[in-house]
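Each chain, letter by letter, is given below.
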Amino acid sequence: MSTDIDKPFARPEHRIARLPIESIARDPHQARTRFDDAGLAELADSIRESGVIQPVVVTGDPEQGFRLLAGERRWRAAQRAGLAELPAIVRNDLDPEQARVLGLIENLQRESLGVMDTAHGLARLGESHGLTHDAIAARIGKSRAYVSNFLRLRQLAEPVQAMLDEHILSIGHGKILAGLDAATQIRLARRAAAERVSVRRLELWVREQSQPRSEAAAAAPPELAALEQQLAEHVGNSVRIHYDANRRRGELRIAFHDLDEFEGLLARLGFDPESAD
């Protein structure tokens, strides 16, 4: 087996080589579990025309073989394109744990993973290093809200997770459903998909689902029900109006799930906390 790396092989760091494609094996710890066949076919056509523009990242040596750290999609497409060799950056300066983190971060930064692969990958990164959501966000160059929203999706039942991966429902839909029991998640997810409802409408359904019948009746008299729905559509969050006719006083409630959503709600209401100081 020959490579462009000078022999004897000195376990170089950050060296670029052209490696026989059969000498490279996939990483069993790869975060990506789903590969779109049509996308791979398009990439293979591009590689036949222009070659591999960005090298894959591997670890290993010519005697023992190489293992992918990043770039499995390119590796698969290159095989489809019939390439004999693949440009690769050889990283032998990493211990096994660092290598796994590098592969995960590369995929997350490129946003090339599916929805649930991203969620599970973030969880593995946090669990293996004892990282908070803020620390995970710093590692991958994303916001804390990005990390928290994806991790929340792991609370979804498997059929609902599949609907997100297949783009039948959005991440926003999944975020709303994540706090419910599995049976309710599946029922509402199927209904939302069948009726193609917005995240706002699904949030209203969930709000109604979690509210006792007697409270719901008291919270929204017939004359206020339409106004509740109009307000909910206007602000993008679930709205409840509680009115006590005897005391001639009431309360307006607007639901939100986290601080990032709350900040967005304030912005839609035209309120800037900084200008209020």
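It should be noted that the structure appears before, not after, this text.
Below: a short report on this structure. Just so it is clear, the model here is predicted, and its values are computed rather than measured. (Residues numbered from 1 in each chain as written. Predicted model: local features only at pLDDT ≥ 70, side-chain atom pairs only at ≥ 80, totals over all residues. Heavy atoms only, no water.)

### So, the packing of helix α4 (residues 115-129) against helix α6 (residues 144-152)
Basically, it comes down to this: Every axis in this analysis is a line fitted to C-alpha atoms, fitted for helices over the stretch in contact. Angles between the N-to-C directions lie between 0 and 180 degrees. Where helices and strands are cited, they refer to DSSP runs of H or I of at least four residues and of E of at least two residues respectively, numbered from the N terminus. An angle below 35 degrees is treated as roughly parallel, one above 145 as roughly antiparallel, one from 65 to 115 as roughly perpendicular, and anything else as oblique. Contacts were defined at the residue level, with two residues in contact if any of their heavy atoms lie within 4.5 Å. Amino acids outside the nonpolar list (Ala, Val, Leu, Ile, Met, Phe, Trp, Tyr, Cys, Pro) and the charged list (Asp, Glu, Lys, Arg) are all regarded as polar, and Gly is one of them.
Taken N-terminus to C-terminus, the directions of α4 and α6 make an angle of 105 degrees; their axes are 8 Å apart at the nearest point. Looking at the two axes, α4 sits roughly perpendicular to α6. Residues V115, T118, A119, L122 and A123 of α4 touch α6, and the partners they reach there are Y146, V147, F150 and L151. Residue composition of the contact of α4 with α6, by class: eight nonpolar, one polar and no charged.

### Looking at unusual backbone geometry
Put simply, the rule is: The buried label applies to any residue whose accessible area, calculated with a 1.4 Å probe on protein chains only, is under 20% of its type's maximum; exposed applies above 50%, and partly exposed to all values in between.
One non-glycine residue, H167, lies in the positive phi region at around 60 degrees. H167 gets classed as exposed once you look at its relative accessible area, which sits at 68%. Notably, R196 is not glycine yet its phi reads approximately 55 degrees, a positive angle. As for its position among the elements, R196 is in the loop between α9 (182-195) and α10 (199-210).

### Observations regarding the packing of helix α1 (residues 37-50) against helix α2 (residues 72-80)
For any two helices packed against each other, one specifies the crossing angle of their axes together with the interaxial distance. Under the convention used in this document: The hand of a helix crossing depends on one turn: near helix anticlockwise from the far one by less than a right angle means left-handed, and clockwise means right-handed.
Contact geometry of α1 with α2 gives a least axis separation of 8 Å together with a crossing angle of 65 degrees. Classed by the angle they form, the pair α1 and α2 counts as roughly perpendicular. Crossing of α1 over α2 shows right-handed handedness. Of the residues in α2, those in contact with D37, G39, L40, A41, L43, A44, I47 and R48 of α1 are R73, R74, R76, A77, A78 and R80. For the contact of α1 with α2, the per-class residue count stands at seven nonpolar, one polar and six charged.

### Some details on helix α5 (residues 133-140)
Our working rule: Here the arc refers to the directions that run from the helix axis out to each C-beta atom.
Listed in full, the buried residues belonging to α5 are I136, A137 and I140. Here the buried residues of α5 occupy an arc of 100 degrees about the axis, which is enough to place them on one side. Where α5 ends, the next residue or the one after it, G141, has phi of about 70 degrees, a positive value.

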